[in-house]
Amino acid sequence: MPAYDPENIFAKILRGEIPATRVYEDDETLAFMDIMPRADGHLLVIPKTPCRNVLDASPEQLAAVMNTVQKLSHAVMKAFGAEGVTIQQFNEAAGGQEVFHMHFHVLPRHEGDRLRPPGQMGDMQEIAAHAEKIRAALA
Ligand code: AMP
């Protein structure tokens with residue numbers, strides 16, 4: 001497996017070098033909105049420490065990230081009146097991964113809805129409004 005590349009885009013977000021719409025953070029993890037949302041409220045949870053994905057993550061990184069995934073899953077259920085949550089996670093290029101800092105997708109779902117196709121840039125104002133709903137649900 002290749003080494004962790006500290007120039008990946010999520011590492012730059014963690015260092016504050018590029019902007020992100022942050023919704024939650026604690027000592028070990030950060031949650032921010034996906035800029036190509038496949039559902040309203042689509043967000044990402046990452047560890048603050050480096051690892052490429054589940055294959056090289058430590059038990060501590062996995063535990064911290066999963067705690068935050070659960071917290072944010074409850075928050076999006078409340079914020080969007082969702083009936084379910086899809087959690088997605090990809091490992092290495094062959095597994096569908098594009099950004100090589102471990103991340104979990106959290107997607108609020110409603111009965112019968114369909115995820116939008118990947119790779120479509122979202123409306124940043126709409127994403128900001130969705131982030132505000134999630135922050136309010138966490139408060
Ligand atoms: P994957 O590695 O396949 O899980 O895909 C990376 C995900 O990160 C995609 O859903 C992208 O929309 C998302 N993404 C890429 N760049 C950014 C960014 N600067 N801020 C927020 N989300 C991003």
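From a predicted model like this one, the values you see are computed outputs, not experimental measurements.

Participant: Just to check I follow, could you spell out unusual backbone geometry for this structure?
Facilitator: Backbone geometry follows two general trends: most residues other than glycine have a negative phi, and most peptide bonds adopt the trans configuration. With phi around 65°, Glu92 is a residue other than glycine that occupies positive phi space. Looking at where Glu92 falls in the secondary structure, it is placed in the loop between strand S4 (84-88) and strand S5 (104-109).

Participant: What should I look at first to understand the site of the ligand in this one?
Facilitator: Asp34, Gly96, Glu98, His103 and His105 are the nearest of the 15 residues found near the ligand. Measuring from an oxygen atom of the ligand, one finds a side-chain N or O atom of Asp34 at 2.5 Å. Residue Ile35 places a main-chain N or O atom 3.4 Å away from a nitrogen atom belonging to the ligand. Judged by the fraction of its atoms near the pocket grid, the ligand is located in the largest pocket. Secondary structure elements with two or more residues in the shell around the ligand: helix H1 (9-14) and strand S2 (29-33). Classifying every residue of the shell around the ligand gives nine nonpolar, four polar and two charged.

Participant: Mind showing me how you'd approach the nonpolar core here?
Facilitator: It is characteristic of soluble globular proteins that their nonpolar side chains tend to be buried jointly. Counting residues in each nonpolar core, the largest one holds 22 residues, and the members touching the most others are Val23, Ala31, Met33, Leu43, Val45, Leu72 and Ile134. When contributions to this core are tallied by element, the ones reaching two or more residues are strand S1 (22-25), S2, strand S3 (43-47), helix H2 (59-80), S5 and helix H3 (124-138). At seven residues, H2 tops the list of elements feeding residues into this core. Residues in contact with Leu43, not counting those within four places in the same chain, are Val23, Ala31, Phe32, Met33, Asp34, Leu72, Val76, Phe104, His105, Val106 and Ile134. Counting residues in hydrophobic clusters, the runner-up holds seven residues, among them Ile13, Leu30, Phe32 and Leu44.

Participant: Would you take a moment to explain the UniProt feature "domain: HIT" (unreviewed entry) in the protein for this structure?
Facilitator: Residues annotated in UniProt with the feature "domain: HIT" (unreviewed entry) correspond here to residues 9-116. In this annotation, residues 9-116 is assigned 26% helix and 23% strand; the end-to-end C-alpha distance for the span is 23 Å.

Participant: Sorry if this is basic, but what is going on with the UniProt feature "active site" (unreviewed entry) in the protein here?
Facilitator: Cross-referencing UniProt, the feature "active site" (unreviewed entry) maps to His103 in the present numbering. Along the chain, the position of His103 falls in the loop between S4 and S5. Separated by 2.8 Å, the side chain of His103 and the backbone oxygen of His101 make a polar contact.

Participant: Could you clarify how one ought to interpret the environment of Ala57 in this entry?
Facilitator: Its location among the elements puts Ala57 in the loop between S3 and H2. On the accessibility criterion, Ala57 (15% relative accessible area) is buried. Excluding its chain neighbours within four sequence positions, the residues that come into contact with Ala57 are Cys51, Leu62 and Met102.

Participant: How should I be thinking about the pattern of salt bridges in this particular structure?
Facilitator: Pairing between side chains of opposite charge can happen when their charged atoms approach one another. In the structure shown here, the tally under the stated rule is eight salt bridges. Of the charged contacts, one joins Glu17 and Arg15 as a salt bridge, the two residues approaching to 2.7 Å between their closest N and O atoms. In this structure Glu17 comes out as partly exposed when scored by relative accessible area, which is 47%. For Arg109, the salt bridge goes to Asp113, with nearest N and O atoms at 2.8 Å. Ionic contacts of the salt-bridge type, sharing partners, join the residues Glu7, Arg15 and Glu17 into one network.

Conventions adopted
Residues numbered from 1 in each chain as written. Predicted model: local features only at pLDDT ≥ 70, side-chain atom pairs only at ≥ 80, totals over all residues. Heavy atoms only, no water. Helix = DSSP H or I, 4+ residues; strand = E, 2+ residues; numbered from the N terminus. Near = heavy atom within 4 Å. Polar contact = N/O pair within 3.5 Å; in protein donor to acceptor, adjacent residues only side chain to side chain. 1 Å grid on protein atoms, 1.4 Å probe; cavity = no way out; pocket = protein on both sides within 12 Å on 5 of 7 lines; lining within 4 Å. Sits in = over half its atoms within 2 Å of the grid points. Nonpolar A, V, L, I, M, F, W, Y, C, P; charged D, E, K, R; others polar. Core = buried A, V, L, I, M, F, W, Y, C linked by side-chain atoms within 4.5 Å. Buried < 20%, exposed > 50% of the residue type's maximum accessible area, 1.4 Å probe, protein only. Contact = heavy atoms within 4.5 Å. UniProt positions renumbered as here; feature names shortened; annotations may be inferred. Salt bridge = Lys/Arg side-chain N within 4 Å of Asp/Glu carboxyl O.

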